[in-house]
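Each chain is listed here by its residues.
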Amino acid sequence: MNHLKLFVAPLKWHGIKLLEKQDIARRVFLHGQRYVSSGTSEPFLSASNSNYVEEMYYAWLENPKSVHKSWDVFFQNANAGQAYDPHLPDQLERKASFLQSHGLAQTPGKAEKLVEDHLIRGHHVAQLDPLGILDADLDSFVPSDLITTIDKLGFYGLHESDLDKVFQLPTTTFIGGSENSLSLREIIKRLENTYCQHIGLEFMFINDVEQCQWIRQKFETPGVMKFTNEEKRTLLARLVRSMRFEDFLARKWSSEKRFGLEGCEVMIPALKTIIDKSSEMGIEYVIMGMPHRGRLNVLANVIRKELEQIFCQFDPKLEAGSGDVKYHLGMYHERINRATNKKITLSLMANPSHLEAVDPVVQGKTKAEQFYRGDTAGKKVMSILLHGDAAFAGQGVVYETFHLSDLPSYTTNGTIHVVVNNQIGFTTDPRMARSSPYPTDVARVVNAPIFHVNADDPEAVMYVCSVAAEWRNTFNKDVVVDLVCYRRRGHNEMDEPMFTQPLMYKQIHKQVPVLKKYADKLIADGTVTLQEFEEEIAKYDRICEEAYTRSKDNKILHIKHWLDSPWPGFFNVDGEPKSMSCPPTGISEDLLTHIGNVASSVPVKDFKIHAGLSRILRARLEMTKNRVVDWALAEYMAFGSFLKEGIHVRLSGQDVERGTFSHRHHVLHDQEVDKRTCVPMNHLWEQQAPYTVCNSSLSEYGVLGFELGFAMASPNALVCWEAQFGDFHNTAQCIIDQFISSGQAKWVRHNGIVLLLPHGMEGMGPEHSSARPERFLQMSNDDSDAYPEFSEQFEVSQLYECNWIVILLPFRKPLIILTPKSLLRHPEAKSSFDEMVSGTTFQRVIPENGLAAHAPHEVKRVIFCTGKVYYDLVKERKNQDLEKQVAITRLEQVSSLILRRQGPWGDFQQRVPMLLNRYHLPERMVIAFL
């Protein structure tokens, strides 16, 4: 048998040459046991693959039926085409003699297969659960090809007697360090230490060899996880702060919900390690999102928020916002990173109880900060997202957010995901909470490496986090750190977990805290003394007590301390608007004409557009000459005038570049050159703000959250999200309910995002026609008196004025626009330049301006309406010859004009008496609302 195996190298060469002649093989086997394509340096079969061929050949020699039929044919052809080489016996004899003289086994492929199997499946047997009662992958099955017992050597055709034989190592592995060969016993030991201890690695699904080899080197190289005594002392001090903070809260507020971090205290030094390493590699700004478990600890010990600001939140009289719980709040802080002595800015986003809802919001804000800094490669700004195991596996928005990670207009150039894997979701066992082996399997869809680590091994956690930070800043791709831990208490401190997980919590009650384990280890090896450890604890306890005393001051709370996205210079020092006036929104006619001309042209030479688009551009040019605009051109006027003022405009959503109804065409496509495009809006002026228009993935929840986050970064930008159809916003309802509607009341957060929702019953069926304006009215039931007072001036308003108001107002409110469908091309739905030039303003109400306005004493009925029904009413009024008897008034801004706590229409008559006083209405007047 061994004699036959020695023939494998020359046989492979002859076999492949034969197949090449038959035009079956496209590459040939050349020097160094590498298949190399002619004309390219890309390896065909290198390292593990070439040895895989060897293993298949060995199996075929023993039993041709043991391999797939295709391999049987391959080897038969190779044998048949092998010419006799008279020098072959001498070559084989010399090879065998060489191997024996160096004490090497003659089956190097077995070592390669052994390494490969541990590389791919070692995480299945890694010791990840600190409780020692569960398998992190929900499966107690041990892969048969992992050497967990001596008898499994037989899987590789090896025996116990082979353990001390020396094997040549594959060139792709780093377990040998500077050595090229090791004994089988040492190979197995090093593989187990790398892949089967407290770290489980999943990355072999990544299809980039360079990236895989980078990870292998980081973990396989002997001695890579050695820490200096100073690093160990720093880690211990961070664990002390993490654990003693939770202990302090438990002592002072034992009956309060805190959603503490007990059981995963290592998360605090883990985050600090990520931030330290990222700062070292040039990161200046880190934006974080997380659920409520451990949030207070992160605020205190990672963001470094003043402890008294946190403690005062336990006093109901001093809570920030509208009484939202303290473990939902966020903040923004600039400080010096002590590890690198560099300035670092940290922002923790506020998040509702919807655990993963903040994910796309964080990504949007990160993208915006990168955009405004010109950080196109993500070298200055990055994001960290923390997750719970149950939510990471169960919430669809996680998947939606991952799929934004590599899209040009949405990528943040890599995010570090940290999963706090409690191995339970509230009361639900993981075996009932997910179908995948790990809660992190969703990350595999974007080729993100996944590092599982036992959270009771602090040094392993720190090393994994350091590698994760390096990965993100080297390859600019996502990475997942899975902290396999436990939850010492119930879902919250008032919950009793023994009802549903009795065995798990019996073990948890016996569990020694990680701080004590690690402190005992360092004291035993002489890194620290018991006295130094106790002094560190006393020092932090004293800091907490002093902050607790200061927190009792009623003047301690400052709302600005809880803002996750402050806008310097936008508000006054008290956080209030600097004024309540809104300047006119009109612009000069020359400006309107210039924008109209560019919107009607192709500003790039030798660019061939579609013939149908040529007709649309000619129609725009004709409207510009006639000084009128339709909806699409009015939008151009709005966006273009912003860009001239240096205000960035971003329009995102499904099919927004062309427009769902083929009306916009902001991106032109060359009909003869693939992927060649032109955005005329970016050719208006030499010095202008950039215009971003981008088709999104087919997602509403994730993309709307992303755009909301983008709008948080700066008040001086117009950020719009357009639904493909207005009713599609219901799949993003969580973002609307939890952030857009209640963000200011809950978190004192302003946001000027604009939602464009195509609305109207036009042949699509009732469930696919309405953008459901009643929902937005219900969510807007706030006092509207903060808006500028209504005046008697009634100039006609336009879309561009509505958009300008979003920017010109001294505060920011979300704007919901129910956009038209058929009106996009309605001949009457046009406005004159006269209604948009300098001096004009946005009008929330457009009164009757026809015959009824000129003969008010003849008016018998006043109809208030909004939207496209106006044009139907005008047509029917004309058909019935009632143009003098019926006055029609349009409400352009429904909410904040008429909406009060009494209901949407309750006090309308009191709010706009001047509208009704214009007409000599009889005592029994008729007012209709449509």
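Residue numbering note: each chain is counted from 1, following its sequence as written. Residue-level local features of this predicted model are given only where pLDDT is at least 70; pairs of side-chain atoms are given and counted only at 80 or more, and the full residue set underlies all totals for whole chains, interfaces and linings. For side-chain calculations, the full set of non-hydrogen atoms in the structure is used, while hydrogens and water are omitted.

## A short note on the overall build of the protein chain
Phase 1: Per the convention used, a helix needs a DSSP run of H or I reaching at least four residues, while a strand needs a run of E reaching at least two, with both numbered from the N terminus. Each helix and strand counted, the protein chain has 32 helices and 25 strands in total.
Phase 2: A buried classification covers 55% of the 930 residues belonging to the protein chain.
Phase 3: Considering only contacts within the protein chain whose residues lie at least 6 apart along the sequence, 77% involve residues at least 24 apart.
Phase 4: Split by element, the accessible area of the protein chain, about 41000 Å² in all, is 51% carbon and sulfur. Relative accessibility thresholds used throughout: buried, under 20% of the residue-type maximum; exposed, over 50%; partly exposed, between the two (1.4 Å probe, protein chains only). What makes two residues a contact is simply this: any of their non-hydrogen atoms within 4.5 Å. Per-residue accessibility takes into account occlusion by the displayed protein chains alone, with areas from the Shrake-Rupley method and a 1.4 Å probe.

## What about the side chain of Ser-347?
Phase 1: Mapped onto the secondary structure, Ser-347 falls in strand S8 (residues 342-348).
Phase 2: For Ser-347, a relative accessible area of 0% puts it in the buried group.
Phase 3: Not counting residues within four places of it along the chain, the set of residues in contact with Ser-347 comprises Tyr-285, Val-286, Ile-287, Met-288, Met-331, Tyr-332, Lys-365 and Asp-564.

## Side note on the sheet that holds strand S14 (residues 648-653)
Phase 1: Here a strand pair is declared whenever DSSP counts at least two bridges between the two strands. With parallel pairing, the five strands of this open sheet are ordered in space as S17-S14-S18-S19-S20. Unpaired on one side and paired on the other, strand S17 (691-695) and strand S20 (815-819) mark the two borders of the sheet. Across this sheet, the average inter-strand angle for adjacent strands is 15°, counted without regard to direction.
Phase 2: Across three bridges, the pairing between strand S18 (residues 717-722) and strand S19 (residues 754-758) is parallel. If you follow Trp-721 over to S19, its bridge partner there is Leu-755.
Phase 3: Its contacts with the sheet put helix H23 (residues 631-644) on S14, S17, S18, S19 and S20, and the angle it makes with S14 is roughly 140°. Axes, fitted as lines to C-alpha atoms, cover a helix only where it is in contact. Angles between the N-to-C directions of the axes lie from 0 to 180 degrees.

## Quick notes on the confidence of the model for the protein chain
Phase 1: Confidence of the predictor at the level of single residues is given by pLDDT, which spans 0 to 100. The predicted model of the protein chain has a mean per-residue pLDDT of 82, with 79% of residues at 70 or higher.
Phase 2: The lowest-confidence element of the protein chain is strand S1 (residues 27-30), averaging 32 in pLDDT; the highest-confidence one is helix H17 (residues 458-475), averaging 98.
Phase 3: Confidence over residues 784-801 falls short of pLDDT 50; this stretch has 60 contacts with residues more than four positions distant or in other chains.
Phase 4: Low pLDDT, under 50, characterises residues 897-911; the stretch is placed with 38 contacts to residues that sit more than four places away or in other chains.

## A closer look at the pattern of salt bridges
Phase 1: In what follows, salt bridge is the name for a side-chain nitrogen of Lys or Arg lying within 4 Å of a carboxyl oxygen of Asp or Glu. Evaluation of the coordinates by the stated rule reveals 34 salt bridges.
Phase 2: Two residues, Glu-280 and Lys-277, come together in a salt bridge whose shortest N-O distance is 3.3 Å. Of this pair, Glu-280 and Lys-277 both sit in helix H10 (residues 267-280), three residues apart, roughly one helical turn.
Phase 3: With its nearest N and O atoms 3.1 Å apart, the salt bridge here joins Asp-520 to Lys-516. One end of the pair is Asp-520 and the other is Lys-516, both in helix H19 (residues 514-524) and four residues apart, which spans about a single turn.
Phase 4: Since its relative accessible area comes to 39%, Asp-520 is described here as partly exposed.
Phase 5: Its relative accessible area of 46% is what places Lys-516 among the partly exposed residues.
Phase 6: Residues joined by salt bridges that share partners form a network here, namely Glu-284, Lys-365, Glu-369, Arg-373 and Lys-380.

## Describing the packing of aromatic side chains
Phase 1: Planes of paired rings set the category: under 30 degrees apart is stacked, over 60 is edge-to-face and the rest tilted, where pairs are Phe, Tyr or Trp rings (Trp by its six-membered ring) whose centres lie within 6.5 Å. Applying the stated criterion across every chain, the model contains 22 aromatic pairs.
Phase 2: Aromatic side chains Trp-253 and Phe-314 sit 4.2 Å apart centroid to centroid with 10° between the ring planes, which places their arrangement in the stacked category. One end of the pair, Trp-253, is in the loop between helix H9 (229-252) and H10; the other, Phe-314, is in the loop between helix H12 (307-311) and strand S7 (331-337), with 61 residues separating them in the sequence. Both residues of the pair, Trp-253 and Phe-314, count as buried.
Phase 3: A ring pair is formed by Phe-639 and Tyr-691, whose centres lie 5.9 Å apart and whose planes are at 40°; its orientation type is tilted.

## Quick notes on the sheet that holds strand S6 (residues 285-289)
Adjacent strands of a sheet pair through backbone hydrogen bonds, lying either parallel or antiparallel.
Phase 1: Read across the sheet, eight strands follow the order S5-S11-S12-S10-S9-S6-S8-S7 without closing on themselves; strand pairing throughout is mixed. Bordering the open sheet on either side are strand S5 (199-202) and S7, each of which pairs with just one other strand. Recorded for the sheet is a direction-independent mean angle of 20° between the axes of neighbouring strands.
Phase 2: Here strand S10 (residues 415-421) runs beside strand S12 (residues 479-484); their pairing, made up of six bridges, is parallel. From the neighbouring strand, Ile-416 faces S12, where its bridge partner is Val-479.
Phase 3: Lying on the sheet, H10 is in contact with S6, S7, S8, strand S9 (381-388), S10 and S12; it crosses S9 at an angle near 165°.

## What about unusual backbone geometry?
Phase 1: One non-glycine residue with positive phi stands out, namely Phe-426, at about 60°.
Phase 2: Tracing the sequence through the fold places Phe-426 in the loop between S10 and helix H16 (430-433).
Phase 3: Under the relative-accessibility criterion, Phe-426 is labelled partly exposed at 44%.
Phase 4: Even without a glycine there, the phi angle at Asn-476 is positive, about 55°.
Phase 5: Among the secondary structure elements, Asn-476 is positioned in the loop between H17 and S12.

## Examining the side chain of His-729
Phase 1: Residue position: His-729 is located in the loop between S18 and helix H25 (733-741).
Phase 2: The buried category is assigned to His-729, whose relative accessible area is 0%.

## Some details on helix H30 (residues 869-879)
Phase 1: Regarding H30, the residues found buried are Tyr-870, Tyr-871, Leu-873 and Arg-877. Taken around the axis of H30, the buried residues stretch over an arc of 160°, which confines them to a single face. Along H30, exposed side chains directed more than 90 degrees from the buried face belong to Lys-875 and Asn-879.
Phase 2: Next to the buried residues of H30 lie strand S23 (861-865) and strand S24 (886-891).
Phase 3: Phi turns positive one or two residues past the end of H30, at Asp-881, with a value near 55°. Directions from the helix axis toward the C-beta atoms define the arc.

## Observations regarding the nonpolar core
Phase 1: Note on terminology: a nonpolar core comprises buried Ala, Val, Leu, Ile, Met, Phe, Trp, Tyr and Cys residues joined through side-chain atoms within 4.5 Å. The biggest cluster of nonpolar side chains holds 102 residues, and the ones touching the most others in it are Met-267, Val-298, Phe-311 and Ile-384.
Phase 2: Top contributing element to this core by residue count: H17, with eleven residues.
Phase 3: Those residues within four positions of Phe-311 in sequence are excluded, and the remaining contacts are Phe-245, Phe-248, Leu-249, Trp-253, Cys-544, Ala-547, Tyr-548 and Ser-551.
Phase 4: Counting 41 residues, the second largest nonpolar core, distinct from the first, contains Met-349, Leu-704, Ala-717 and Cys-734.

## Notes on the environment of Leu-756
Phase 1: Its place among the elements puts Leu-756 in strand S19.
Phase 2: For the pair Leu-756 and Trp-721, spaced 35 residues apart in sequence, the C-alpha separation works out to 6.1 Å.
Phase 3: Discounting residues that sit within four places of it in the chain, Leu-756 has contacts with Glu-635, Leu-651, Arg-664, Cys-720, Trp-721, Glu-722, Ala-723, Ile-817 and Thr-819.

## So, H25
Phase 1: With seven of its nine residues buried, H25 lies for the most part within the structure.
Phase 2: Burial in H25 covers these residues: Gln-733, Cys-734, Ile-735, Ile-736, Gln-738, Phe-739 and Ile-740.
Phase 3: Summarising the contacts, the buried residues of H25 are in contact with helix H13 (358-373), helix H24 (701-712), helix H26 (743-747), S19 and helix H27 (773-778).

## Brief notes about the pairing of S23
Here is the key point about a regular strand: its side chains alternate between the two faces of the sheet.
Phase 1: Of all five residues in S23, four are buried, a share of seventy percent or more.
Phase 2: Judged from the five bridges that link them, S23 and S24 form a sheet pairing that is parallel. Residue pairing across strands places Ile-863 opposite Ile-888, the latter belonging to S24.

## Things to note about the packing of H9 against H10
Phase 1: In the contact formed by H9 and H10, the axes pass within 8 Å of each other and the chain directions differ by 130°. Judged on the interaxial angle alone, H10 and H9 are oblique. Seen from H9, the contacting residues are Leu-235, Arg-238, Leu-239 and Ser-242; seen from H10, they are Ile-268, Pro-269, Lys-272, Thr-273 and Asp-276.
Phase 2: Each residue belonging to the contact of H9 with H10 can be placed in one class, and the counts come to four nonpolar, two polar and three charged. Here roughly perpendicular refers to angles of 65 to 115 degrees, roughly parallel to angles under 35, roughly antiparallel to angles over 145, and oblique to all remaining angles. Under this grouping Gly is polar, as are all residues other than the nonpolar Ala, Val, Leu, Ile, Met, Phe, Trp, Tyr, Cys and Pro and the charged Asp, Glu, Lys and Arg.

## Overview of the packing of H9 against H17
Angle between the axes and distance between the axes: these two values describe a pair of packed helices.
Phase 1: Two numbers describe how H9 lies on H17: the axes approach to 11 Å, and their chain directions differ by 105°. One way to sum up the angle between H9 and H17 is to call them roughly perpendicular. Within the contact between the two elements, H9 uses Lys-232, Leu-235 and Leu-239 and H17 uses Pro-458, Glu-459 and Met-462.
Phase 2: Its residues placed into classes, the contact of H9 with H17 shows four nonpolar, no polar and two charged.

## Topic: the environment of Thr-148
Phase 1: Positionally, Thr-148 belongs in the loop between helix H6 (108-121) and strand S3 (166-168).
Phase 2: For the pair Thr-148 and Cys-196, spaced 48 residues apart in the sequence, the C-alpha separation amounts to 9.6 Å.

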